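Each chain, letter by letter, is given below.
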Amino acid sequence: FFDQIFGEVSSFDAVTASLDNECNYFDSISMNLLYKSGVIGSGSWNYHCSQPVDLVTIIGENGRISFDFFHNDKPVILTNSQETKEFIIEDSCHVGMKMEQEIVNELLGTGTFSGTIDAAVRTLAIMDAVVRQSEEKRK
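Residues numbered from 1 in each chain as written. Predicted model: local features only at pLDDT ≥ 70, side-chain atom pairs only at ≥ 80, totals over all residues. Heavy atoms only, no water.

## A word on the packing of aromatic side chains
Any pair of aromatic rings gets described here by the distance separating the centres and the angle formed by the planes. Counted by the stated rule, this structure contains 8 aromatic pairs. Consider the rings of Phe2 and Phe6, whose centres lie 6.1 Å apart with planes at 0°: the pair is stacked. With a gap of 4 residues between them, Phe2 and Phe6 both fall in helix H1 (residues 2-6), about one helical turn apart. A relative accessible area of 28% places Phe2 in the partly exposed class. For Phe6, a relative accessible area of 18% translates into the label buried. For the ring pair Tyr25 and Phe26, a centre distance of 5.0 Å and an interplane angle of 20° mean the geometry is stacked. A residue is classified by how much of its surface remains accessible, and Phe26, at 16% relative accessible area, is buried. Through successive ring pairs, a cluster of aromatic residues spans Phe1, Phe2, Phe6, Tyr35, Phe67 and Phe69. (Phe/Tyr/Trp six-rings, centres within 6.5 Å; stacked < 30°, edge-to-face > 60°. Helix = DSSP H or I, 4+ residues; strand = E, 2+ residues; numbered from the N terminus. Buried < 20%, exposed > 50% of the residue type's maximum accessible area, 1.4 Å probe, protein only.)

Structure below.
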């Protein structure tokens, strides 16, 4: 998603940890990313917490947009210097259903999928590097 919006990542770093002492794998991660477009991003994911919070905030020169990435019953919030607007984007009850339908339509020859294999490979390469770094740290 972010690759499609901001473009390719030129560099990143990540810190991982296992907050669950019984877990032999990382369950939390914090990342900093620099995109070739000049956008700087950061994110934190904690899979061992008491409350699920999925919040994305994109801040730009004219304002910001905040939204819950996985729960479609939460409002999208647009804020600029004049006002704040909230609205719900109608979506299926299944996360990713629209994307899955695009893939099916592409395979059937009745539509096109908006993602690219290049974006997927770039994302997988970043995640692979994070996992390898975490494994090295555990040794």
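## A closer look at the environment of Glu61
Assignment of secondary structure puts Glu61 in the loop between strand S4 (56-60) and strand S5 (63-67). Judged by relative accessible area, which is 79%, Glu61 ranks as exposed. Along the chain, Glu61 and Asn80 lie 19 residues apart, while their C-alpha atoms are 9.2 Å from each other.

## With respect to the environment of Glu8
One can find Glu8 in the loop between H1 and strand S1 (9-17). Since its relative accessible area comes to 31%, Glu8 is described here as partly exposed. Between the C-alpha atom of Glu8 and that of Leu34, which follows or precedes it by 26 residues, the distance is 8.8 Å. Not counting residues up to four positions away in its chain, the partners in contact with Glu8 are Asp3, Tyr35, Lys36 and Arg122. (Contact = heavy atoms within 4.5 Å.)

## Focus on the side chain of Ser28
Note that Ser28 resides in strand S2 (residues 28-35). The exposure class of Ser28 is buried, given its relative accessible area of 10%. Once residues lying within four places of it in the same chain are set aside, the contact partners of Ser28 are Val15, Thr16, Ala17, Leu19, Trp45 and Asn46.

## Digging into the side chain of Asp27
Tracing the backbone shows Asp27 in the loop between S1 and S2. Only 2.7 Å separates the side chain of Asp27 from the backbone nitrogen of Leu19, close enough to count as a polar contact. (Polar contact = N/O pair within 3.5 Å; in protein donor to acceptor, adjacent residues only side chain to side chain.)

## Concerning the sheet that holds S5
The strand order across the open sheet formed by 4 strands is S4-S5-S6-S7, and the pairing between neighbours is antiparallel. Here the strands that pair on one side only, and so sit at the sheet edges, are S4 and strand S7 (84-87). Averaged over all pairs of adjacent strands, the angle between their axes in this sheet comes to 10°, without regard to strand direction. In the sheet, strand S6 (residues 76-79) pairs with S7 via 4 bridges, with the strands oriented antiparallel. By the bridge assignment, Leu78 is partnered in S7 with Lys85. (Pairing = 2+ DSSP bridges. Axes fitted to C-alpha atoms, helices over the stretch in contact; angles between N-to-C directions.)

## Structural notes on the nonpolar core
Judged by nonpolar contacts, Phe6, Val9, Ala14, Phe26, Ile29, Met31, Leu33, Tyr35, Ile126 and Val130 together constitute the single largest core of 10 residues. Elements that contribute at least two residues to this core include exactly S1, S2 and helix H3 (117-138). Examining the composition of this core, we find that 4 residues originate from one element, S2, more than from any other. Not counting residues up to four positions away in its chain, the partners in contact with Ala14 are Ile29, Ser30, Met31, Val130 and Gln133. (Core = buried A, V, L, I, M, F, W, Y, C linked by side-chain atoms within 4.5 Å.)

Read these as geometric descriptors, not functional statements.
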